[in-house]
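# Structure assessment
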Amino acid sequence: MVVGTQWGDEGKGKFTDLLARDQDMVVRYQGGHNAGHTLVAEGETFKLQLVPSGVLYPHVTPVIGNGVVVDPVVLIEEVDRLGGMGVDCRKLVVSGNAHLILPYHQVLDVVAERHLGRNKLGTTKRGIGPAYADKAARVGLRVQDLLDPKIFRQKLAMVLHEKNPLLAKVYNRLPFDLDTLADQYLNECGPRLAPHIADTVGLLHDALESGQSVLLEGAQAMFLDLDHGTYPFVTSSNPVAGGACVGAGIGPRHIDRVIGVTKAYITRVGAGPFPSELTDEIGDHLVDVGREYGTNTKRRRRCGWLDTVMLRHAVRVNSLSDLAIAKLDVLDALDPIKVCVAYDVGGERRTSMPYHQSEIHRAVPVYEELPGWCSDLSGVSDRSELPRQAEDYLSFIEDQAGVPATLVGVGPGRDQFIAFSRVP
Ligand code: IMP
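Residues numbered from 1 in each chain as written. Predicted model: local features only at pLDDT ≥ 70, side-chain atom pairs only at ≥ 80, totals over all residues. Heavy atoms only, no water.

## Section: the site of the ligand
This is how the line gets drawn: Whether a residue is near a molecule or strand depends on its heavy atoms: it is near if one of them lies within 4 Å of it. Any N or O atom pair separated by 3.5 Å or less is treated as a polar contact, with the protein-specific requirement of one donor-capable and one acceptor-capable atom, and with residues adjacent in sequence counted only for side-chain atom pairs. Surface exposure here means Shrake-Rupley accessible area, sampled with a 1.4 Å probe, where a residue is shielded only by the protein chains that are shown. Classification convention: Asp, Glu, Lys, Arg as charged; Ala, Val, Leu, Ile, Met, Phe, Trp, Tyr, Cys, Pro as nonpolar; all other residues, Gly among them, as polar.
Taken together, 15 residues are adjacent to the ligand, and D9, N34, T124, T235 and R299 come closest. Side-chain polar atom of T235 to an oxygen atom of the ligand: 2.6 Å apart, as the coordinates give it. Here an oxygen atom of the ligand and a backbone polar atom of V269 are 3.1 Å apart. With the chains in place, 96% of the 470 Å² that the ligand exposes on its own is no longer accessible. Among the residues making up the shell around the ligand, the classes are represented as 6 nonpolar, 7 polar and 2 charged.

Okay, structure coming up:
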């Protein structure tokens, strides 16, 4: 499994793509098109939102699991766009039990954010939260409903009965017309997605039972997790390792390796606490050198020094077996490099994550300084070629986290990585 250990955008797409080479199946288990995974292969940049990162390998079956929320219009567009770039998506499988994001979810996401004013969460405005809310309230429509016009219309009529007055009376928006919406989704999306819709849980277990290898691909990350993140500044799903069992339909005993992806520094998009945030020229440097703008939303990401209090918490909650450290090269020109190793909370030193939100908001980072390497790492492909300071920086992270780093990214390209140590 590949999971994010920060606030997303760690570079999970690159590592998933790298690992997918040796897999038979890659399964997305949560989130939706709020995700943006960037892959660079043979000089071309592929931006994925819903389609699992394994799609670039013809031998991989990419699976969208039951825990994902699917905007069918976006999925069809993505499949078409990838097709135009020569990527064959015919093997893509979508769980019939995955919930649909429909246009009222997206409108509600936008108006709810506006309603929150200064307290807004900074969502991606893709309708993710409202779709998961409907799933929990048991009024969601599912991918399989696209194949059953009668059920689709019945459910949609019921849900619009509630959404339309909410949109019109509370938010002053136009209501949705049942027939227009039903016709569009049933006539345009249903037939296009029909060949892809299947029982993904059954397929996954068939694959496991026949000895195939399966990679679970997390979207977003630990600190955006609905239960374990910096609530309410989180997404509405469970990106943590435990979420994969629910969102893909397997038990924990099937999972033998959990790789936590961390950047060599840290970023966040949207609002919420961020103890090691840099609002100075070093922060600007990280944005520029790391090209820290959202893959899909283009929003500028907030940047800061690596926070190992968070990393240790991610190791615990996800039972991480090893780390993949991304974008080490972005630190090439910085000297010294700081790492947040503890928080000062009201004069008390904390090395583990405070659970109370007001403590996280008040946490002042305690830094250790390490010497920079001041050289270009983008061409390094072997651990022996790393400057001593870079090696020391990585060892420091491993010591802080208590798990080994197995992969280190030194650039966006598929070949720009170092196999750092053996898989534990
Ligand atoms: P939502 O997932 O659109 O509801 O947004 C909730 C929070 O999660 C916001 O702070 C978003 O910026 C953040 N978020 C959602 N998806 C991603 C992602 O893929 N990368 C980084 N942040 C994300």
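## A short note on the nonpolar core
Under the convention used in this document: Among buried residues, those of type Ala, Val, Leu, Ile, Met, Phe, Trp, Tyr and Cys that are joined through side-chain atoms within 4.5 Å constitute a nonpolar core. Buried, partly exposed and exposed residues are distinguished by accessible area as a fraction of the type maximum, computed with a 1.4 Å probe on protein chains only: under 20%, between the cut-offs, and over 50%, respectively. Going along the chain from the N terminus, every DSSP run of H or I of four or more residues is numbered as a helix, and every run of E of two or more is numbered as a strand. Residue contacts follow a heavy-atom distance rule, with two residues in contact if any of their heavy atoms lie within 4.5 Å.
Counting residues in each nonpolar core, the largest one holds 53 residues, and the members touching the most others are L323, L328, L331 and Y393. No other element matches the 6 residues that helix 12 (residues 388–401) contributes to this core. Apart from the residues lying within four places of it in its own chain, the contact partners of L328 are A264, W373, L377, Y393, L394, V408, G409 and V410. One finds V74, L92, L181 and Y185 within the second-largest nonpolar core, a separate group that totals 42 residues.

## Regarding the packing of aromatic side chains
Let me state the cut-off plainly: Pairing of aromatic side chains requires ring centres within 6.5 Å, counting the rings of Phe and Tyr and the six-membered ring of Trp. Pairs whose planes differ by under 30 degrees are stacked, by over 60 edge-to-face, and all others tilted. For a Lys NZ or an Arg CZ to count as sitting over a ring, it must be within 6 Å of the ring centre and within 35 degrees of the ring normal.
Scanning the model with the defined rule gives 4 aromatic pairs in all. Ring geometry for W7 versus F274: centroids 4.9 Å apart, planes at 55°, classification tilted. On the criterion of sequence distance, the pair formed by W7 in the loop between strand 1 (2–4) and helix 1 (12–20) and F274 in the loop between strand 12 (266–268) and helix 9 (281–289) is long-range, its members being 267 residues apart. Per residue, the accessibility class of W7 equals that of F274, and both read buried. Consider the rings of Y104 and F176, whose centres lie 6.3 Å apart with planes at 70°: the pair is edge-to-face. Pair noted here: Y104 is in helix 3 (residues 103–116) and F176 is in the loop between helix 5 (149–170) and helix 6 (178–193), with a separation of 72 residues, a long-range link. As far as burial versus exposure is concerned, Y104 and F176 are alike and both buried. Ring pairs connect the aromatic residues W7, F223 and F274, which therefore count as one cluster. In this structure, R383 is placed above the aromatic ring of F420, and the distance from its NZ or CZ to the ring centre is 3.8 Å.

## Some remarks on helix 4 (residues 128–136)
Within the sequence span of helix 4, burial applies to I128, P130, A131, Y132 and D134. Where helix 4 is buried, its residues touch strand 6 (69–70), strand 8 (99–100), helix 3 and helix 5. Just beyond helix 4, the residue with positive phi is R138, at close to 65°.

## Overview of the environment of V317
Mapped onto the fold, V317 is located in helix 10 (residues 308–318). On the basis of relative accessibility, which here comes to 26%, the residue V317 falls in the partly exposed class. With 312 residues separating them in the primary sequence, V317 and T5 have C-alpha atoms 9.8 Å apart. Every residue in contact with V317, bar those within four places of it in the chain, is listed here: M222, H228 and V240.

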